[in-house]
Amino acid sequence: MSSDMIQLLVLAGIAVFLILRLKNVLGTREGFEKPPLPMPGRDDPAAEARKGFEVIDGGPDRDITDHVPEDSAAADALGSMKKAEPSFSVGEFLGGAKGAYEMILMAFEAGDIDDIAPFLSKDVFESFQEVIDMRKAEGLSVEANFIGVREMSLLDANFDEATKEGELKIRFVGELTSVVRDAAGDIVDGDLTEVKRQKDIWTFERVMGSDNPNWQLVATGE
């Protein structure tokens, strides 16, 4: 077997290892799928204006029930978050989370997460940095292009009355193209013409009513 072939096999093995490590940190990637049905009620302009779990007419707060079942523990938690911080809006949070997902994901792919450190917990930052350092040590880099968020849903919400910490678990399905290149710039994994689905479940946390408006990413997975 030639030395070039051996080198190619080694690089391929490294790429597979990094992909598995990436799955543990960020989630999974799959081929193109059919687009989902639109989430009902998300285009209701009145929803953004309603604050608190109960509205004047005694009905449910659509800003909450558009995203989680009305009688669920998550709905109760969101209601408590609104009592602790009346200006909090679930719809506005999800809009911000959508932008944060792209910003954080692309910073990770680019291998430079210093600018997004304020939005990451210490554990998440260290997990991301570990993968980035492994890439650099092997002379590998990622070239990625973010296409958009195909799906996003609020999976769960929790609120700690004692600490006022709110926690929101979000499922993202993003679309992007990406390749892994070796030190010479040759592609060892991926295809820039193939759109992949990136599936993640991220948990954000913040002290409700605090002066710091930023939510932190405290857990990742799928």
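One can find the structure itself at the top, above this paragraph.
The structure displayed is predicted, hence computed values, not measured ones.

Helix and strand content of the chain: 6 helices and 6 strands. Scanning the chain from its N terminus toward the C terminus, one meets helices and strands in the order α-β-α-α-α-α-α-β-β-β-β-β. The proportion of buried residues among the 222 residues of the chain is 40%. Counting only contacts in the chain whose residues sit at least 6 apart along the sequence, the fraction spanning at least 24 positions is 66%.

Turning to the packing of aromatic side chains, a few remarks are in order. One pass over the structure, following the stated rule, counts 10 aromatic pairs. With 4.3 Å between their ring centres and 5° between their planes, Y101 and F172 make a pair best called stacked. Of the two residues, Y101 is situated in helix α5 (residues 90-110) and F172 in strand β3 (residues 165-181); the sequence distance between them amounts to 71 residues. You can call Y101 buried: its relative accessible area is 0%. In this structure F172 comes out as buried when scored by relative accessible area, which is 0%. In textbook terms, an aromatic cluster arises when at least three aromatic residues are bridged by ring pairs, as seen for F88, F93, Y101, F146, F172, W202, F204 and W215. For the cation-ring pair, R135 lies above F108, with the distance from its terminal atom to the ring centre recorded as 4.7 Å.

Taken residue by residue, a regular strand's side chains alternate between the two faces of the sheet. Counted residue by residue, β3 has 12 buried out of 17 residues, so it is predominantly covered. Where strand β2 (residues 141-160) meets β3, 17 bridges bridge the pair, whose relative direction is antiparallel. Following the sheet pairing, L154 is matched in β3 by I170. Hairpin connection from β2 to β3: 4 residues lie between these consecutive antiparallel strands, with K164 at a positive phi of about 65°.

Here the structure, examined in full by the defined rule, presents 12 salt bridges. Put simply, R171 and E151 hold a salt bridge, and the shortest N to O gap is 3.6 Å. Linking R171 in strand β3 with E151 in strand β2, this pair joins segments that are 20 residues apart in sequence. It is possible to trace a salt-bridge network through shared partners that takes in D61, D63 and K82.

About the cut-offs
- Residues numbered from 1 in each chain as written.
- Predicted model: local features only at pLDDT ≥ 70, side-chain atom pairs only at ≥ 80, totals over all residues.
- Heavy atoms only, no water.
- Helix = DSSP H or I, 4+ residues; strand = E, 2+ residues; numbered from the N terminus.
- Buried < 20%, exposed > 50% of the residue type's maximum accessible area, 1.4 Å probe, protein only.
- Contact = heavy atoms within 4.5 Å.
- Phe/Tyr/Trp six-rings, centres within 6.5 Å; stacked < 30°, edge-to-face > 60°.
- Lys NZ or Arg CZ within 6 Å of the ring centre and 35° of its normal.
- Pairing = 2+ DSSP bridges.
- Salt bridge = Lys/Arg side-chain N within 4 Å of Asp/Glu carboxyl O.

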